[in-house]
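# Residue-level structural notes
This is what each chain is made of:
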Amino acid sequence: MIPTHVDFLGAASYESVSCVTANFQAFVTDLSHEDLDVEENLQEMVELIFKRAVKKPDSAAVFAELCQHLSEVEFQSLSDWSVSVSFRSLLVKHCQAEFMKSLDKEGIVQKSESCLRPVQDVRVTDRLREEQQNTKPSGRFLNMLRFIGELFLSKVLAEKSMHCCIRRLLQKGDGPSLEGLCQLLQMIQQDLEVVTEKEVMDTYYNQLDHIAEKGKRAPRLSLLLKETVDARKMAYSTPH
């Protein structure tokens, strides 16, 4: 039996999710847009799909396809009739919020600056900086980036969102951010190249190449950076 919209929203176990992934087309057919004409229901749907997709990364592509089908759901806001509410707009906002929240949590937590704190030994400061540059990302962070990448590949998120993510990750530049960026680029590079000026992509990869060569990173991370850069070079050298 295929779960209805209410079943899917209310399910606490993964059985319903497994049913969705195994019977995707039937589930989409069964899903009625009429059940999604209230903003609270639509927001709840967005949050639950995102949560499940991050917890089950192997099904991220299926959940992204589900979002693609739901992206056409749109109606007028009950609180403001001049404003329309859509699944896509709510999903984009939720992705942005989760990305920024996760980005802030990754790496070594920095204490707020205070003029009253004791002077730290330079060696301690350098050690903390080195740890932050080379620490590994959490599984949830990588899973979230994987789902975001799948949403772009499914044409739910626009290239503008991908450039925002890439620039944020490069700007932070610590171990988790760079490892996550490598995973994201390896997923979306070919599709992103199609809609992006070559000079922009060159800038991203030149920065990764420079960090790998001069950034004094852990061998594992440096290798990953080089593999990501080399993968793009191989794609360009392969005749089409």
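The paragraphs below set out a description of the structure included in this document. (Residues numbered from 1 in each chain as written. Predicted model: local features only at pLDDT ≥ 70, side-chain atom pairs only at ≥ 80, totals over all residues. Heavy atoms only, no water.)

### Quick look at the pattern of salt bridges
Defined as follows: Here a salt bridge means any side-chain nitrogen of Lys or Arg lying within 4 Å of a carboxyl oxygen belonging to Asp or Glu. Each helix is a run of H or I in the DSSP string that is no shorter than four residues. Each strand is a run of E no shorter than two, and both are numbered from the N terminus. Accessibility here uses a 1.4 Å probe with only protein chains present; expressed as a share of the type maximum, an area under 20% marks a residue as buried, one over 50% as exposed, and anything in between as partly exposed.
All chains considered together, the criterion is met by eight salt bridges. Here arginine 146 ties to aspartate 58 by a salt bridge, and the two come within 3.7 Å at their closest N and O atoms. Placement of the pair is arginine 146 in helix 8 (residues 139–153) and aspartate 58 in the loop between helix 4 (39–55) and helix 5 (60–70), with a sequence separation of 88 residues. A relative accessible area of 28% means that arginine 146 is categorised as partly exposed. On the basis of relative accessibility, which here comes to 70%, the residue aspartate 58 falls in the exposed class.

### Digging into the side chain of serine 222
Selection criterion: Contacts are residue-level and defined by heavy atoms, with any inter-residue pair within 4.5 Å sufficient.
Tracing the sequence through the fold places serine 222 in helix 12 (residues 219–237). Exposure remark for serine 222: the relative accessible area of 10% places this residue in the buried category. Sequence-distant contacts of serine 222, that is, excluding residues within four places in its chain, are made with Ala212 and Arg217.

### Considering the environment of methionine 45
Relative to the elements of secondary structure, methionine 45 occurs in helix 4. A relative accessible area of 0% places methionine 45 in the buried class. Sequence separation of methionine 45 and phenylalanine 87 is 42 residues, and the distance between their C-alpha atoms is 8.6 Å.

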